[in-house]
Amino acid sequence: MDWILIIVVSVLFVITACVGMIINQRNLIVMLLCAELLFLAANLNFIVFSRLHQDFHGQVMVIFVLAAAAAESAIALALFVLMYRQYHSVDTKLLSNIRG
Amino acid sequence: MEMQAFLPYTVLLSLLLPLFSGVSIGLFCQREITAVRISVGVMLLSTVAALVSLVLFYLGNAAFYDVFLFSWITIGDFSCDMGLWIDGLSVVMLFMVSLISVLVHWYSIAYMQDDSGFIRFFSLISLFTFAMMQLVMTNNLLGLFFGWEGVSLFSYLLIGFHFAKDSASAANLKAFLMNRFGDMAFCLGIALLIVSVGSPQYRELFSRMPDLVPETLLIPGLGVVSTVFLTGLLLFIGAMTKSAQMPLHMWLPDSMEGPTPVSALIHAATMVTAGVFLLCRFADLIVLSPILMNCIAFVGASGALWLGILALFEFDIKRIIAYSTLSQLGYMTLAVGVGAFNLAIFHLLLHAIYKALLFLAAGSVIHALAHQQDIRQMGGLWSKMPITAICFLFGALSLSGIPPFSGFYSKDLILFVAAKQAVSLQAGWYIYGCALLGFLITPLYIFRVFWVVFLGRPRYVTRTPVYESPMQIVGPLMILGVLCLLSGYVLLPFFAGASPFFQFPLLSPALQPLQQKVIDVVAHGLFLHAIFGLGLYFALFGIIVSWLRYSTPHYASQWMTTHVWWLSWPFVNRYGFDWCLENIIVPFFRVSASVCSQYGEQVMIDQTIESRVAGRIQGISHWFSRIQTSYLNRYFAVMSLAIMIMIAGSLMGYNIV
Amino acid sequence: MILTWFLPLLLLLLAFFANMMILASHPVRSVLALMGCFLGTSILWLMMGADFLAFVLIFVYVGAVMTLFLFMVMMLNVSRYADDALISRFYRCLIVLVTFVVPVTGYLCLRLYGMQPVSLISVMRTEWGLSTAHLVEFSRLLYQTYWMPLQLLAFILMVPMVVATGIVRRGVPVDAKLQSRSKQVGTHAKDRLTLVNAKKTGSR
């Protein structure tokens, strides 16, 4: 039953990340961090289940997920820099130009 | 490896090169010199590839090659495989199209150089060439339809090339809409063929064609009709519009609004011959229905005579040549109708050459006289433009059927076959009479142009002195002039000899001796045969009459229109076809369109749907749009909440996702 | 004895870090807390025998990506963000804990975790039959079965890097010394040259 605890950790990560997105009102960077936490939870699950089923394909997936997360954060950070250059802030309230 | 293994590649090269050049010029080319280099160079390559394919096919033994390229559509049992159908007919057409196209490309460099749409023009004629080649080379009905519509489209774009001109945009609309009528029939025809045979592939179609004979269709209001007759009739109506046969010919004279090279390429050599090509391609089908063959011969012969006469009452040089094209297309259709498919294709090839020559020579004159097209404003150009004049004379002699120029060979044989068949056909003597009188009319109108334009005193008014056109214009003319002189004699054995280039099915067993007679006539010398026939004398008589009538200052038909107006009235009004179109058919569609617009659009859509339904929806969506705050954090929050609800649900045991 | 409680303690530590990440008042602290989460997770992965991935997580993710985050946050100088929420941060913490974290974790623990003692890393590794052979198997899978996706992945990872660089370099840098052509064109002669009516002084 030990692995249950680890799954509990991953569930906790997901919930915390979701709550973080809900309560965070302003800061884009924290939103991105929450997304990172979601990726982490997914990776954790991959590894737990690959151990349980003795199947290494899940661990290979972790590599892919990590790469995707790194790529995503690289792009997002670049966009933040761009936004900061434009508005001198990374406040989400400033990004409401699509309102009709 | 056999040499014929290369045949699909050469054909494909020839087919795809114009597409490449058209697309690349149209999309990417910025400079005129680049456009010229690409299009002319690529067209030249394509012509060489077509020539290689022609030679390879001739050296091979197979009757046809069915080359599979890719599978296009598969729906249930129905499947359509795109590919190439390489037989004698298609390679000959391929070579003809690419040859005329390359000459027209070359000619257009000088002719179009002052035009602002220069690059667009080259792109369009390259794409047109591709569409025509696709029409010729495809191996299934859908590919044929694709090419058929392609030539319609590019012809539309090219006729309306000077789209700012009102007459040009009216002319291209007229051509396009009339072609739509024929395309509808054509579409129904191929649909019927696909339904009755079950496959759009030529291979299947031609092998199962005889099985269709006993099949009939029950049409409400008409009763039981033979499938073969109905299919052939629909295809023939499609061919009639494309090849501008008698009741559906009105678009062709008007389409002379396009630039002259376009007229030479599209309205003399390629697109208008697509209908004749179609009839020959489906020769297996139409020979099964003798009534249909008789109809085809009747329509063709009527066009050959009556539309030729109209050329005598025109003053626009291009329109005169357009009417002569109509008349010659009538001869081709007549040849199809009497079962001489070989001769139809033979005449098609020779006609493509000499008619392109006539158009290009006319274009040279028009170019030199600063876009003057009225023959009353020309005259005395023989000394100013000798090369153009000689080339035009060659074309005119060909058209009139004077030996040894090319038109003589095909026209004389067609007349011979028509005479032999006159006994067995319904209205056979009318058909023969039309064909024979056409021999008289043809030199009358074309030499009228020649005498009026090139002889007599100059009547034109130009700011600059008139000179012979540059090499880029007279070069193609000279090539075509030489071809005019030689092609008939050289090609004769391949089309009417003992071992013809391609075989067509015979109309009936009664035709077997007829074909043998044609072979015998050719073997004994066609000129000898012509001396004892009527056609040659009619043609010579026509030239003499036109010399007496038109070489004098009374160059036009004013005498007839003023003194015996009641006789010339139907011709001046062009038999009332245009009147009928403008006063009956077009108003009918105008009225029905306005009714649809009034009740269908304004009442149904604007007042009912737009104001009631759309207004209500707008109100609701306005209310809903308040949810869209456009704040990123809110959206994230909603997404997260949804995820949490899903997780919570699955923990509780409800399978939400 | 302390090893018996190692796993629950780690769990609590991770929960603490995760909560700190979303509740921290400054983004730098959030990033540091997330780094803590990653480190704790890598310990979990080590326990489960995913050695390679655990080290990848530490070296690549914590060492490179999260440091990049940290630099970015510091460079952008994202100051303490004044939150205009109606309720204060303490109550927000309370709401989060009471509404989500406590019920879910409590539910899961009570439902799924009996009161058996928790084994140690080594015990778990022997219990799950782990040996060094799994690394060989993993490598074979990664470099033989998945070699093509791995190459693609490397390429895909390269593209965002290039794009990110391109995005950031787009436009004129803040402190670059460049001429503004529009300003140059838009000037008027009278802005540049001022005619001063100097009083004529007599010659000596």
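How each quantity is defined
Residues numbered from 1 in each chain as written. Chains lettered and ligands numbered in written order. Predicted model: local features only at pLDDT ≥ 70, side-chain atom pairs only at ≥ 80, totals over all residues. Heavy atoms only, no water. Helix = DSSP H or I, 4+ residues; strand = E, 2+ residues; numbered from the N terminus. Buried < 20%, exposed > 50% of the residue type's maximum accessible area, 1.4 Å probe, protein only. Contact = heavy atoms within 4.5 Å. Areas by Shrake-Rupley, 256 points an atom, 1.4 Å probe, with all protein chains shown as cover. Pairing = 2+ DSSP bridges. Patch = residues over 30% accessible without salt bridge, like charges linked within 9 Å, V, L, I, M, F, W, Y side chains within 5 Å. Salt bridge = Lys/Arg side-chain N within 4 Å of Asp/Glu carboxyl O. Core = buried A, V, L, I, M, F, W, Y, C linked by side-chain atoms within 4.5 Å. Axes fitted to C-alpha atoms, helices over the stretch in contact; angles between N-to-C directions. Parallel < 35°, antiparallel > 145°, perpendicular 65-115°, else oblique. Left-handed = near helix turned anticlockwise from the far one by under 90°. Nonpolar A, V, L, I, M, F, W, Y, C, P; charged D, E, K, R; others polar. Buried area = accessible area lost by both parts, 1.4 Å probe. Polar contact = N/O pair within 3.5 Å; in protein donor to acceptor, adjacent residues only side chain to side chain. Phe/Tyr/Trp six-rings, centres within 6.5 Å; stacked < 30°, edge-to-face > 60°. Expected span 1.5 Å × (residues − 1).

So, on to the overall build of chain C. Helix and strand counts for chain C stand at 9 helices and 0 strands. Scanning chain C from its N terminus toward the C terminus, one meets helices and strands in the order α-α-α-α-α-α-α-α-α. Taking all 204 residues of chain C together, the buried fraction comes to 34%. Put simply, of all contacts in chain C between residues at least 6 apart along the chain, 66% involve residues at least 24 apart. Just so you have it, chain C exposes about 13,800 Å², and 69% of that area is on carbon and sulfur atoms.

With that out of the way, let us pick up the overall build of chain B. Along its length, chain B carries 26 helices and 4 strands. Sequence-distant contacts in chain B: of pairs separated by 6 or more residues, those separated by 24 or more amount to 79%.

Let us now look at the pairing of strand E1 (residues 64–75) of chain B. Residue and element names in this part refer to chain B. Judged from the 10 bridges that link them, E1 and strand E2 (residues 78–87) form a sheet pairing that is antiparallel. Along E2, the bridge assignment pairs Ile73 with Cys80. Hairpin geometry of E1 and E2 is characterised by an intervening segment of 2 residues between the two adjacent antiparallel strands and by a positive phi of about 60 degrees at Gly76.

Moving on, we get to a nonpolar patch on the surface. A cluster of nonpolar side chains, namely C:Trp147, C:Met148, C:Leu152, C:Phe155, C:Ile156, C:Met158, C:Val159, C:Met161, C:Val162 and C:Val163, defines an oily patch on the protein surface of about 940 Å² accessible area. Among the secondary structure elements, C:Phe155 is positioned in helix H7 (residues 147–169).

Note that strand E3 (residues 216–219) of chain B and strand E4 (residues 223–226) of chain B share 4 bridges and pair antiparallel. Directly across from B:Leu218, in E4(B), lies its bridge partner B:Val224.

Turning next to the nonpolar core. By size, the foremost hydrophobic cluster in this structure holds 213 residues, and its most contacted members are B:Phe282 and B:Leu334. Residues contacting B:Phe282, with those up to four places away along its chain left out, are B:Leu141, B:Leu144, B:Leu193, B:Tyr202, B:Leu205, B:Phe206, B:Met209 and B:Leu235.

Attention now moves to the side chain of B:His267. For B:His267, the position within the fold is in helix H10 (residues 260–269). Dropping the residues within four chain positions of it, B:His267 is found in contact with B:Ser155, B:Ile159, B:Trp251, B:Leu252, B:Ser255, B:Met256, B:Val262, B:Val272, B:Thr325 and B:Phe359.

Residues and elements named next belong to chain B. Running from N to C, helix H5 (residues 141–159) and helix H8 (residues 227–242) point in directions that differ by 25 degrees, and their axes come no closer than 12 Å. Looking at the two axes, H5 sits roughly parallel to H8. For the crossing formed where H5 meets H8, the hand is left-handed. The segment H5 lies against H8, with Trp148, Val151 and Ser152 engaging Gly238, Ala239 and Lys242. Looking at the contact of H5 with H8 residue by residue, the classes come out as 3 nonpolar, 2 polar and 1 charged.

Our next topic: the pattern of salt bridges. Residue and element names in this part refer to chain B. For the coordinates displayed, the defined rule picks out 13 salt bridges over all chains. Measuring nitrogen to oxygen at the nearest pair gives 2.9 Å for the salt bridge that ties Asp87 to Arg281. You can see Asp87 sitting in strand E2 and its partner Arg281 sitting in helix H11 (residues 274–281), a full 194 residues away along the chain. Of the residues examined, Arg281 reaches a relative accessible area of 3% and is grouped as buried. What you see here is one network of salt bridges that share partners, running through Lys174, Asp254, Glu314, Arg319, Arg574 and Asp578.

Let us now look at the interface of chain C and chain A. Opposite the 72 residues of chain C that make contact, chain A presents 59 residues. Buried surface at the junction of chain C and chain A, summed over both partners, amounts to about 6,400 Å²; 82% is from carbon and sulfur atoms. Considering only the surface of chain C that becomes buried against chain A, C:Met48, C:Phe69 and C:Leu76 emerge as the three largest contributors, covering 10% of it. Our count for the contact surface shared by chain C and chain A stands at 0 salt bridges. Put simply, chain C and chain A have 2 residue pairs in polar contact (both at pLDDT 80 or more) between them. Those elements giving two or more residues to the side of chain C that touches chain A turn out to be helix H1 (6–23), helix H2 (27–47), helix H3 (51–76), helix H4 (89–112), helix H5 (121–127), helix H6 (133–145) and H7 of chain C.

As a further point, take the packing of aromatic side chains. Any two aromatic rings considered together are summarised by their centre-to-centre distance and by the angle between their planes. Residues and elements named next belong to chain B. Counted by the stated rule, this structure contains 42 aromatic pairs over all chains. Judged by centre distance (5.4 Å) and plane angle (25 degrees), the ring pair of Tyr202 and Phe206 falls under stacked. Of this pair, Tyr202 and Phe206 both sit in helix H7 (residues 202–208), 4 residues apart, roughly one helical turn. With relative accessibility at 0%, the residue Tyr202 sits in the buried group. Considering the side-chain rings of Phe450 and Phe454, the 5.3 Å spacing of their centres and the 40 degrees angle between planes classify their relative orientation as tilted. In this pair, Phe450 and Phe454 are both assigned in helix H18 (residues 428–454), 4 residues apart and thus about one turn of the helix distant. A single burial state applies to Phe450 and to Phe454, both of which are buried.

Along an α-helix, residues three or four apart share an orientation, since each turn contains 3.6 residues. Compared with the 22 Å implied by 1.5 Å per residue over 16 residues, the 22 Å span of helix H22 (residues 535–550) of chain B between its first and last C-alpha is a close match. Packing partners of the buried residues in H22(B) comprise helix H16 (386–400), helix H17 (406–421), H18 and helix H21 (526–531) of chain B.

Moving on, we come to the environment of B:Val466. Residue and element names in this part refer to chain B. Checked against the element boundaries, Val466 lands in the loop between H18 and helix H19 (471–496). As a C-alpha pair, Val466 and Ala370 span 96 residues in sequence and 9.3 Å in three-dimensional space. Aside from chain neighbours lying at most four places away, what touches Val466 is Ala368, Leu369, Leu381, Lys384, Met385 and Tyr460.

Here the focus is unusual backbone geometry. Residues and elements named next belong to chain B. At the junction of Pro403 and Pro404, the peptide bond is cis and its omega measures out at 5 degrees in the coordinates. Phi at Ala244 is positive, roughly 55 degrees, even though this residue is not glycine. Checked against the element boundaries, Ala244 lands in the loop between H8 and helix H9 (251–254).

This part covers the environment of B:Leu265. Residues and elements named next belong to chain B. With respect to the secondary-structure elements, Leu265 resides in helix H10. Spatially, the C-alpha atoms of Leu265 and Val102 are 9.6 Å apart, while their sequence positions differ by 163 residues. With near-sequence residues (within four places) excluded, Leu265 lies in contact with Ile100, Ser101, Val104, Ile125, Phe128, Thr129, Thr270 and Met271.

It is worth spelling out the packing of H8(B) against H11(B) at this point. Residue and element names in this part refer to chain B. Contact geometry of H8 with H11 gives a least axis separation of 7 Å together with a crossing angle of 155 degrees. As the angle between them shows, H8 and H11 are arranged roughly antiparallel. On H11, the residues touching Leu235, Phe236, Ala239 and Lys242 of H8 are Ala274, Gly275, Leu278 and Leu279. Counted by class, the contact of H8 with H11 contains 6 nonpolar, 1 polar and 1 charged residues.

All names here are of chain B. By the secondary structure assignment, Cys484 is in helix H19. Relative accessible area serves as the criterion here: at 0%, Cys484 is assigned to the buried category. When residues no more than four places from it in sequence are discounted, the contact partners of Cys484 are Ile353, Tyr354, Leu357, Phe394, Gly395, Ser398, Phe405 and Ser406.

Fair warning: the whole summary comes from geometry, so function is off the table for now.
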